[in-house]
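Descriptive analysis of the structure
What follows is the residue order along each chain.
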Amino acid sequence: MWTGLLLLVALAAGEPLEDARESFEAGRYVEAEQQALQAPPSGAALYLVGLARFRLGRPAEALEALEAAGHASDGPEPDAWNFNRGACLYALGRFAEAEEAFARVREGAPLARVAWINAGFAAFDAGAPDRAAQWAERASPDASTAEALQVEELRALLSPAVNEGDEAYRQGLASFDASRFDEARAHFLRAAERQPDSGRARLMAGASAWRLGSRAEAREDLTAALALTLTPLDRATAYQYLDLISFGLRSSGPSLWVSASVGPGFDSNVLQVGVAARDVSGANADVVTASPFAEASVGITARFRLSDRLFAALSYGGSQRAYSESSVRDYSLQLHRATAAAEWEASCRVRVGFLAGGDIFFTGLADFRGLQASVNANAWLAWDETEHTSTRLDLGAAGKDGIGEEFAYLTGPRLDATLSQEWRLGRASITAWYRYRQDRIGTLEQSFTSEDTTLVSQTYVIPFGFTGHAVGASSRWQPLPWLTASLDTDVEWRRYLEDNALRVVTAGGATETWDVRRRHDTRFVLIPSVSARLSSHLRLTARYELLVNRSNIDTRLTDDDPAPCEGAEHLCHAYDATNGNYEKHGVMLQLEAVW
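Presented here is a report on the structure given in the accompanying data block. Here, residues in each chain are numbered from 1, in the same order as that chain's written sequence. Note on the predicted model: pLDDT of at least 70 is required for a residue's local features to be given, and 80 or more for side-chain atom pairs to be given and counted; whole-chain, interface and lining totals, by contrast, use all residues. Side-chain numbers here rest on the full set of heavy atoms in the structure, without hydrogens or water.

Moving on, we come to the packing of helix α6 (residues 95-103) against helix α7 (residues 112-125). Where α6 meets α7, the closest approach of the two axes is 8 Å, and the angle between their N-to-C directions is 160°. Of the possible angle classes, the one that applies to α6 and α7 is roughly antiparallel. Seen along the crossing, α6 lies across α7 with a hand that is left-handed. Along the contact surface, α6 presents Phe95, Ala98, Glu99 and Phe102, while α7 presents Ala115, Asn118, Ala119, Ala122, Ala123 and Asp125. Residue type decides the class: Asp, Glu, Lys and Arg count as charged, Ala, Val, Leu, Ile, Met, Phe, Trp, Tyr, Cys and Pro as nonpolar, and the leftover types, Gly among them, as polar. Residue classes in the contact of α6 with α7 are distributed as seven nonpolar, one polar and two charged. Structural elements are reduced to axes, namely lines fitted to C-alpha atoms, with helices fitted over the stretch in contact, and the angle between N-to-C directions of any two is expressed from 0 to 180 degrees. Each helix is a run of H or I in the DSSP string that is no shorter than four residues. Each strand is a run of E no shorter than two, and both are numbered from the N terminus. Working definition: roughly parallel below 35 degrees, roughly antiparallel above 145 degrees, roughly perpendicular at 65 to 115 degrees, and oblique for all remaining angles. Handedness of a helix crossing follows the sense of rotation of the near helix relative to the far helix, less than a right angle counterclockwise being left-handed and clockwise being right-handed. Should any heavy atoms of two residues lie within 4.5 Å, those residues are counted as being in contact.

Before going further, it helps to examine the pairing of strand β14 (residues 511-533). The two faces of a sheet get side chains in turn, since along a regular strand they alternate between them. Bridge count for strand β13 (residues 483-506) against β14 is 19 bridges, and the pairing is antiparallel. If you follow Thr484 over to β14, its bridge partner there is Ser531. In this description, strands pair whenever DSSP reports at least two bridges between them. Between β13 and β14, which pair antiparallel one after the other, the connecting turn spans four residues, and Gly509 there sits at a positive phi close to 95°. As defined by bridge partners, β14 adjoins strand β15 (residues 538-551) across eleven bridges and the pair is classed as antiparallel. In the sheet register, Val530 faces β15, and the bridge partner there is Ala542. Between the antiparallel neighbours β14 and β15 lie four residues.

Opposite charge on two side chains allows them to pair when their charged atoms are near. The working definition used for a salt bridge is a side-chain nitrogen of Lys or Arg within 4 Å of a carboxyl oxygen of Asp or Glu. A complete count under the given rule lists 49 salt bridges for this structure. One salt bridge connects Asp243 with Arg305, and the closest N-O pair in it is separated by 2.7 Å. With a gap of 62 residues between them, Asp243 in helix α14 (residues 232-244) and Arg305 in strand β2 (residues 291-305) connect regions that are remote in the sequence. A simple rule labels every residue: compare its accessible area, found with a 1.4 Å probe on the protein chains alone, to the largest value its type can have, and call it buried under 20%, exposed over 50%, or partly exposed in between. Under the relative-accessibility criterion, Asp243 is labelled buried at 4%. We note a salt bridge from Asp384 to Arg351, for which the minimum N-O separation is 2.9 Å. Highlighted residues: Asp384 in the loop between β6 (369-383) and β7 (389-402) and Arg351 in strand β5 (residues 350-363), separated in sequence by 33 residues. As far as the burial class goes, Asp384 and Arg351 line up, both buried. Linked through salt bridges whose partners overlap, the residues forming this network are Glu33, Arg53, Arg58 and Glu61.

This is how it looks when you write it as structure tokens:
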């Protein structure tokens, strides 16, 4: 008898059944039954009574309540109702009726494939193996990993035992279905010993090891299974399990993801955009730099298995952030990004990958225009030393182009080299990294009218290119299946490639360069976030961002010795182009839908 029968729950969340629903979800079935019986009569109340009774091991009474719910004017959704009727009938040993109930679940319903599998078990126990085989064949195409294992169990029942290996395999399936994975693995390994060419026994031994958290043993068994004879469905299942215990591009398996998100936020210092450098010279205390914003984004990612060891991914993402304060609306940003990546498993522990892509930024709302475009390439070498650690080296290059004369100073190449170490600790992971960066974008020259009658003009010379050394860490923790917390932090030391200066033309026609100073900054970033899964498709994320920048370029800095300021070089902070010492706080609440 199949013991893995699934009872699906579809409950209305409204009053007055809310308390009963919460009791049911918490596993307090006696309490849920009583609360549902005390609620005003309705199809939803009777349906909940039936579900609670089934969980309490009273299938006959459960079936009675479900039948009454089905005849109510506000009866439950028919697919779930038929499925749960089938579960009760199966538990009562009325297998032919159970098969009929499962068969009434409509094709295309979320639980249709599981219903077909259950119908197959019911047909088998009703003494109709031919019908059971037909249900197995119907459920096989496009089955998930869990569904494929159930199909395999049904097929095993349909094959008569011919030797000790088959019997050990069937014992393994029974133990696996009862979640006794250690015992199941022992049975499957014994079956593999009796039938050395049995790929399915090694496959299920690997599946049991994965359920036990033994990734190394699972990898060994699954790899061995792929070298033996497997049906197409079993081979696909083996690959799915290998994907689950792999790293890099392979870890998600072949898939297609579409996402969309929207949410409000607040930025305390919009002028420091942080995505693409913007000119902030001339900013003063009278300009409002804090603003609420709204942000929306869309994305699509497709992952492919090109061969046993080669995997690829294509992705596109677009986002729009719009600031509400009129003084900073021109800093609103729109981003479009597309990438193509491939990763090759050079050996069991070594991965080599390459990514190529492009970005384009737009700025402004009323005066919407291009800001910067770039093309980039990245190559990496990763070594998964153990099941819990990985070391990775990334080398990247990008060519950036400031769009139009206004943003021409944002043009130039960028080079990156990053070395990282990841530790995976059960539900938590930590990655520490070091990065060297050369960002060789250009220099902005910004002229302004001087109030000094001895000067004809003044022009700030503001270089944006720099070299930087950064260290950081990223951590992720999943304390509950639906809750994820993360923390990202880094410190970067930047040294700019050219000198900041103030170029002046005196009334006598002479051109002089004042306050020549090589800029160097220290930047600290901290980003904690918490994400809660609201349903299978919805996720809510709250994020806080802190940026602290400390610089030797700032008009508010005090000069210890006034003599250089009065000398020919005019080396004093009063002539600096901007205020380089600042803090930036950002908060955002994001609702994301994923399909």
